[in-house]
There are 2 protein chains.
Amino acid sequence: MVLSKSCDYGLRAALFLAASEREESFVSISEMAKALGLSFHFLTKILQTLTRKGLMVSTKGPHGGVRLARPADSINLMDIVIAIDGPRLLNECVLGLNGCSDQHPCPLHRQWVSIRSGITELFNQSTLKSVAQRIAEGSYRLIDLIEEPEKKV
Amino acid sequence: MVLSKSCDYGLRAALFLAASEREESFVSISEMAKALGLSFHFLTKILQTLTRKGLMVSTKGPHGGVRLARPADSINLMDIVIAIDGPRLLNECVLGLNGCSDQHPCPLHRQWVSIRSGITELFNQSTLKSVAQRIAEGSYRLIDLIEEPEKKV
DNA sequence: CTTAATTCAGACAAGTTTGTCTTAAATTAG
DNA sequence: CTAATTTAAGACAAACTTGTCTGAATTAAG
Ligand code: SF4
Ligand code: SF4
């Protein structure tokens, strides 16, 4: 997994907010959790992190909920990723070695740095708005497919 | 983390074997664990997996140990990765959605598939031999830098 | 003011990964 | 055969991630 589950969920919620028309008003976490098929309590915890980091604002009480703290075109996916997973993604070694740098390369350095910067570029260049627009236009999903069909015979 | 720690360790050990000249003889796991700075017991467990999967062969007793089951140029990194982490890497969604496919794309599908295939290509095209040669030629490391300098003031 | 709705905070549980340890089995050397 | 060495197997523990739950604080509405 390139991102933690918490981070996945945080991104889905942020995109959900950006894709929902009402960018101005608050959306309740329970509504989002239901729409995205996530645990309400768990999602709450994750969104609290995003609120603390200043990416969302929240309000309590009836009609309360959360919304993006800034316009959706001024928040990119990397903001969310770093708020939840930290900068890990930016400087991690593919072999798990510590202190990754050009000065102390592992034998996969060259190739890995290239891939890694591709990933960070993707997150850096994708704003919530641009991705949300894609959702609105096409048939892209933010939720799991049919609930697991149970395993075994 | 794109790979589990177990997988990281397995790759390091496999590369260590490929880079050690004595491709024919057995190298003891304790020697490898010491050289790579890994837990002996944990590395043992990981290499048992690789042995079970037929990528290495082992023998007990004095002068026992493990060696690659096939020539180092006929094993690629993907073999190791799949043996330890399974095919997860090949078909996982960047948003953690289930059933990733062109038919059920998330809004990052196009870009992610491109990156993901870059990763799989890297592992598929890198043989243990090619990477081991790089180690022999240049100054690439397979071990962590100086043991963590302890944190805090 | 009272009540309901909602986030906030944090304890707690469950699950997974990582790491340690002990014992058994196999192999080699003498 | 005996003893030493080494992997195999698996129990167990520790750490981390994920998920659940309860209660407090805040806000809005009547
Ligand atoms: S060498 Fe490549 S893989 Fe190793 S630490 Fe540096 S970037 Fe990461
Ligand atoms: S759309 Fe992209 S990210 Fe989503 S499942 Fe398919 S590949 Fe993964």
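About the cut-offs
Residues numbered from 1 in each chain as written. Chains lettered and ligands numbered in written order. Predicted model: local features only at pLDDT ≥ 70, side-chain atom pairs only at ≥ 80, totals over all residues. Heavy atoms only, no water. Patch = residues over 30% accessible without salt bridge, like charges linked within 9 Å, V, L, I, M, F, W, Y side chains within 5 Å. Areas by Shrake-Rupley, 256 points an atom, 1.4 Å probe, with all protein chains shown as cover. Salt bridge = Lys/Arg side-chain N within 4 Å of Asp/Glu carboxyl O. Lys, Arg positive; Asp, Glu negative; His and termini not counted. Charge placed at Lys NZ, Arg CZ, Asp CG, Glu CD. Helix = DSSP H or I, 4+ residues; strand = E, 2+ residues; numbered from the N terminus. Near = heavy atom within 4 Å. Polar contact = N/O pair within 3.5 Å; in protein donor to acceptor, adjacent residues only side chain to side chain. Nonpolar A, V, L, I, M, F, W, Y, C, P; charged D, E, K, R; others polar. Phe/Tyr/Trp six-rings, centres within 6.5 Å; stacked < 30°, edge-to-face > 60°. Pairing = 2+ DSSP bridges. Least-squares fit on C-alpha atoms with pLDDT ≥ 70 in both. Contact = heavy atoms within 4.5 Å. Core = buried A, V, L, I, M, F, W, Y, C linked by side-chain atoms within 4.5 Å. Buried < 20%, exposed > 50% of the residue type's maximum accessible area, 1.4 Å probe, protein only. pLDDT = per-residue confidence, 0-100.

(A) How the structure looks around a negative patch on the surface. On the surface, Glu21, Glu23, Glu24 and Asp73 of chain A cluster together into a patch of negative charge. Residue position: glutamate 21 of chain A is located in the loop between α1 (5-19) and α2 (29-36).

(B) Looking closely at the protein's contact with DNA strand C. Neighbouring residues of DNA strand C: 27 residues in total, closest Ile29 and Ser58 of chain A together with Ser39, Phe42 and Lys45 of chain B. Those atoms of DNA strand C that come within 4 Å of the protein belong to sugar or phosphate at a rate of 62%. Backbone polar atom of isoleucine 29 of chain A to a phosphate oxygen of DNA strand C: 2.6 Å apart, as the coordinates give it. A distance of 3.5 Å separates a base nitrogen of DNA strand C from a polar side-chain atom of lysine 45 of chain A. Mapped onto the surface near DNA strand C, the elements with two or more residues apiece are α3 (40-52) and β1 (56-59) of chain A together with α1 (5-19) and α3 (40-52) of chain B. Of all the elements, α3 of chain A adds the most residues to the surface near DNA strand C, at five residues. Per-class residue counts for the surface near DNA strand C are six nonpolar, 15 polar and six charged.

(C) Structural context of the protein's contact with DNA strand D. Close contacts around DNA strand D come from 26 residues, with Lys5, Ser39 and Phe42 of chain A together with Ile29 and Ser58 of chain B the closest. Per the 4 Å cut-off to the protein, sugar and phosphate atoms form 63% of the nearby atoms of DNA strand D. Here tyrosine 9 of chain A contributes a side-chain N or O atom positioned 3.3 Å from a phosphate oxygen of DNA strand D. Between DNA strand D and serine 39 of chain A there is a distance of 2.9 Å, counted from a phosphate oxygen to a side-chain nitrogen or oxygen.

(D) Structural detail: the packing of aromatic side chains. All names here are of chain A. For the structure shown, the criterion picks out two aromatic pairs over all chains. The interplanar angle of 90° and the centroid separation of 5.8 Å between the aromatic rings of tyrosine 9 and phenylalanine 42 together place this pair among those described as edge-to-face. Of this pair, tyrosine 9 sits in helix α1 while phenylalanine 42 sits in helix α3, and the two are 33 residues apart along the sequence.

(E) Region of the structure containing the pairing of β1 of chain A. Residues and elements named next belong to chain A. Of the strand pairs in this sheet, β1 and strand β2 (residues 65-68) are connected by four bridges, and their pairing is antiparallel. From the neighbouring strand, methionine 56 faces β2, where its bridge partner is leucine 68. The antiparallel hairpin formed by β1 and β2 contains five residues in its connecting segment, where glycine 61 sits at a positive phi of about 85°.

(F) Examining the relation of the copies chain B and chain A more closely. In screw terms, the move from chain B to chain A is a rotation of 180° and a rise of 0.0 Å along the axis, fitting with an RMSD of 0.0 Å. The two molecules are tied by a two-fold rotation axis, judged by turn and shift. Scanning chain B for the C-alpha nearest the rotation axis identifies valine 2 of chain B, at a separation of 2.5 Å. Looking at the interface residues of chain B, 100% of them are also at the interface in chain A, so both copies use one shared face.

(G) Up close: the site of ligand 1. With respect to spatial proximity, the complete set of residues near ligand 1 consists of Glu92, Cys93, Val94, Cys100, Ser101, Pro105, Cys106, Leu108, His109, Trp112 and Val113 of chain A. Here the shell around ligand 1 is built from residues that sort into eight nonpolar, two polar and one charged.

(H) Representation of the nonpolar core within the structure. Leu95 and Phe123 of chain A together with Leu95 and Phe123 of chain B are the most contacted members of the largest nonpolar core, which has 98 residues in total. Residue contacts for leucine 95 of chain A: discarding those within four places in its chain leaves Cys106, Pro107 and Leu108 of chain A together with Asp8, Leu11, Arg12, Leu15 and Leu142 of chain B.

(I) Region of the structure containing the site of ligand 2. The immediate surroundings of ligand 2 are formed by Glu92, Cys93, Val94, Cys100, Pro105, Cys106, Leu108, His109, Trp112, Val113 and Arg116 of chain B. For the shell around ligand 2, the per-class residue count stands at eight nonpolar, one polar and two charged.

(J) Region of the structure containing the confidence of the model for chain A. Averaged over chain A, the pLDDT score is 93; the fraction of residues at 70 or greater is 95%. Confidence drops under a pLDDT of 50 for residues 148-153 of chain A, and excluding neighbours within four residues, the segment shows one contact in the predicted structure.

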